[in-house]
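Here are the chains, one letter per residue:
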Amino acid sequence: MNARERMLGKLRAAAPAQTASEVPGAAAAIDVLDARIDAHYAGQRPDAAARIDALETALRASRADVWRATAAEWPALLASKLAAHGVKRLLLDKAASEGAALAGALPADMESLPFAGPLEAWKGELFRTVDAGFTVARSGIAATGTLILAPDAGTPRTVSLVPPLHIALVYADTLHATLHDAARAEHWAGGMPSNLVLASGPSKTSDIQQTLAFGAHGPRWMWVVIVTERNKP
């Protein structure tokens, strides 16, 4: 028997005979603990307006640019900001309603293009010529200024990671006060999505001298539009 097999044997021998769910009273104890945690956070849940303010404050502290707009206003607002920034090629998913709305508001000399996977086939073009990527956040965490992104086939992780400018849209009515509230409201305990991305600002890093640099490992700029009012049906 070699060292690896001996180590595995010790680990198997030390493994508990019962799982937590099989131990008498364990489920009840977990429920009590969960209730205590929820009670702790219950006093830290600001109202809707305060959540918007907190999200914006935290994002700005992380060097993100933030604007507020209604559902009717944001496409034109973003189109104007993109033109002023000099964006020529914008990565977005026109199959989504938000992507289609933004594409329709862009000036004629600005190209909107879909994610043309597989990545290996157009990686060079993507890294060299795409100026910005547009995503729609699943939700947000007000306390930390964090956007929760759920990448899919139309908007994979690459859209928020590779272009130098990441633009994210988040609806105010999806904002959670804390990470705890997000996990409970979105039922992560019952089956957390396999691919969530938490974004809170442009990419930043520092060297041994603690000199802060932006864009070394991701977007140099991050723009966030908080949609304060949805279109009425």
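*Asks:* I'm lost on the pairing of strand 12 (residues 221–229) in this one. Help?
*Replies:* Looking along a regular strand, one sees the side chains alternate between the two faces of the sheet. Where strand 1 (residues 65–70) lies against strand 12, six bridges are found, and the strand directions are parallel. Paired with Thr70 across the two strands is Glu229, which belongs to strand 12. Pairing of strand 7 (residues 165–171) with strand 12, which is carried by seven bridges, proceeds in the parallel orientation. Paired with His166 across the bridge in strand 12 is Met222.

*Asks:* Would you take a moment to explain the packing of helix 4 (residues 74–85) against helix 5 (residues 97–105) for this structure?
*Replies:* For any two helices packed against each other, one specifies the crossing angle of their axes together with the interaxial distance. Relative to each other, helix 4 and helix 5 sit at 55 degrees, their axes nearing to 8 Å. Here helix 5 runs oblique to helix 4, going by the angle between their axes. Helix 5 is crossed by helix 4, and the crossing has right-handed handedness. Only Glu98, Ala101, Leu102 and Ala105 of helix 5 make contact with helix 4, whose side of the interface consists of Trp74, Pro75, Ala76, Leu78, Ala79 and Leu82. Grouping the constituent residues of the contact of helix 4 with helix 5 by class yields nine nonpolar, no polar and one charged.

*Asks:* I tried to follow the pattern of salt bridges on my own but got confused; where do I start?
*Replies:* A side chain of one charge can pair with a side chain of the opposite charge if their charged atoms are brought near each other. Throughout the structure, instances matching the rule amount to eight salt bridges. Between Arg89 and Glu125 there is a salt bridge whose closest N-O contact spans 3.0 Å. Placement of the pair is Arg89 in strand 2 (residues 89–91) and Glu125 in helix 6 (residues 119–129), with a sequence separation of 36 residues. Residue Arg230 is joined to Asp173 by a salt bridge in which the shortest nitrogen-to-oxygen separation is 2.7 Å. Taken together, the positions of Arg230 in the segment after strand 12 and Asp173 in the loop between strand 7 and strand 8 (175–176) put the pair 57 residues apart, joining distant regions of the chain.

About the criteria used
- Residues numbered from 1 in each chain as written.
- Predicted model: local features only at pLDDT ≥ 70, side-chain atom pairs only at ≥ 80, totals over all residues.
- Heavy atoms only, no water.
- Pairing = 2+ DSSP bridges.
- Helix = DSSP H or I, 4+ residues; strand = E, 2+ residues; numbered from the N terminus.
- Axes fitted to C-alpha atoms, helices over the stretch in contact; angles between N-to-C directions.
- Parallel < 35°, antiparallel > 145°, perpendicular 65-115°, else oblique.
- Left-handed = near helix turned anticlockwise from the far one by under 90°.
- Contact = heavy atoms within 4.5 Å.
- Nonpolar A, V, L, I, M, F, W, Y, C, P; charged D, E, K, R; others polar.
- Salt bridge = Lys/Arg side-chain N within 4 Å of Asp/Glu carboxyl O.

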